[in-house]
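Fold and geometry: a report
The lines below spell out each chain.
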Amino acid sequence: MKKVIFILLSIIMLCSSCGEYNKLLKSQDPDLKYSYAKKYFNQKKFVRSATLLEDLILYFKGRTEAEESLYLLAQSYYGQKDYVTSSEYFKQYYTTYPKGEFAELARYYGAYGLFLDSPDPRLDQTQTHEAIQQFLLYLEFYPQSERAKQAQDILFELQEKLACKEYLAAKLYYNLGTYMGNNYRACVITADNVLKNYPDTKYKEELRYLMICSKYELAVVSVDERLQGRYRDVVDEYYNYMNEFPEGKYKKQVKKYYEFANSKILKNY
């Protein structure tokens, strides 16, 4: 019986709440709407707060409430996990109020939302690039912020995602081999670019290994006039690998490539 009463009371309260909200949507009193928008925001009813604030930001233009209402609107979309829309409103906030009360938070959450929305490395990374740019700007404006260290850590994580995407591309080129052309050259170029652009990536050893494997394969299929140069590339890449990873997990394999290439070079002297 108590359970039935509780359910009935919940339904009554819900209906009452919906009725209240529907009346607010029709209300012509902006101050009343604003007070409820903040109430709903504090209750984490972000859809309701965003809907009310969307109507109010234009009305409040030029008033003292304009700044806070725009920031709350951005946070309401952030609370809904609509990070793209929230980022747009955060950007609108700190562009309109560059020295506003919430300027630092707007820059941080605008970038952080894009970070949360950043896709798997195998997908398009436009969002990741945008998040990186936003965090770089945040650090430029607030280098001494208490959030600066976290922003730097996230920046590295985002850059590592881009490095991962390129590493996967290099690996794919290697696996394709000579299918529809010579993909080993593309593997070398891609891997080399990753090492230049992301020198501290955790994929460094894998990339070095892909480069020596690809250069070995390039030598194997090379025409005679290029053969010696290609084998020298293998030897050079062996030293690059060993200098960085003297106890690397591919040490035995790269040594075999080196010995084979070196024997071919010596044979021609």
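Note that the structure is a prediction, hence the values are computed from the model and not measured.

So, about the packing of aromatic side chains. Evaluation of the coordinates by the stated rule reveals 32 aromatic pairs. When the ring centre of Tyr21 is taken as origin, the NZ or CZ atom of Arg48, which lies over that ring, is 4.6 Å away.

So, on to the state of the cysteines. Chemically, a disulfide is nothing more than a covalent bond linking the sulfur atoms of two cysteines. Enumeration over the complete set of coordinates arrives at zero disulfides. Among the cysteines around Cys187, which has no disulfide bond, Cys213 carries the closest sulfur, lying 8.4 Å off. Taking the relative accessible area as the measure of exposure, Cys187 reaches 0% and is therefore buried. In this structure Cys213 comes out as buried when scored by relative accessible area, which is 2%.

Moving on: the confidence of the model for the protein chain. Taken residue by residue, the protein chain gives an average pLDDT of 90. The fraction at 70 or more is 91%. Here residues 2-16 scores under 50 on pLDDT; set against residues more than four positions off or in separate chains, the count is zero contacts.

On to the layout of surface pockets, then. Of the voids in this model, the largest pocket is the one considered here, and its volume is about 200 Å³. Around the largest pocket, the lining residues are Ile57, Leu58, Lys61, Gly62, Arg63, Ala66, Leu70, Gln92, Thr96 and Tyr97. Sorting the residues of the lining of the largest pocket by element identifies helix H3 (46-59), helix H4 (65-79) and helix H5 (83-96) as the ones contributing at least two each. Residue classes in the lining of the largest pocket are distributed as five nonpolar, three polar and two charged.

Calculation notes
Here, residues in each chain are numbered from 1, in the same order as that chain's written sequence. Residues qualify for local features only when their pLDDT is at least 70, as the model is predicted, and side-chain atom pairs are given and counted only at 80 or more; totals for whole chains, interfaces and linings, by contrast, use all residues. Excluded from the side-chain calculation are hydrogens and water; included are all heavy atoms of the structure. Centres within 6.5 Å make a pair out of two Phe, Tyr or Trp rings, where for Trp the six-membered ring is used; the pair is then stacked when the planes are under 30 degrees apart, edge-to-face when over 60, and tilted otherwise. Each ring is checked for a lysine NZ or an arginine CZ that lies within 6 Å of its centre and within 35 degrees of its normal; such an atom marks a charge sitting over the ring. Criterion for a disulfide: a pair of cysteine sulfur atoms at a distance within 2.5 Å. Using a 1.4 Å probe on the protein chains alone, a residue whose accessible area is under 20% of its type maximum counts as buried, one over 50% counts as exposed, and one in between counts as partly exposed. Values of pLDDT, which run from 0 to 100, indicate the predictor's confidence residue by residue. Any two residues whose heavy atoms approach within 4.5 Å are treated as being in contact. For each structure, a 1 Å grid was placed over the protein atoms alone; sets of points admitting a 1.4 Å probe that cannot get out are labelled cavities, open sets with protein on both sides within 12 Å along at least five of seven lines are labelled pockets, and lining residues have an atom within 4 Å of a point. Grid points are joined across faces, edges and corners, and a volume is the space filled by probe spheres set on the points. Secondary structure elements are defined from DSSP: runs of H or I of at least 4 residues count as helices, runs of E of at least 2 residues count as strands, and each element is numbered from the N terminus. Three residue categories are used. Nonpolar comprises Ala, Val, Leu, Ile, Met, Phe, Trp, Tyr, Cys and Pro, charged comprises Asp, Glu, Lys and Arg, and polar comprises the others, including Gly.

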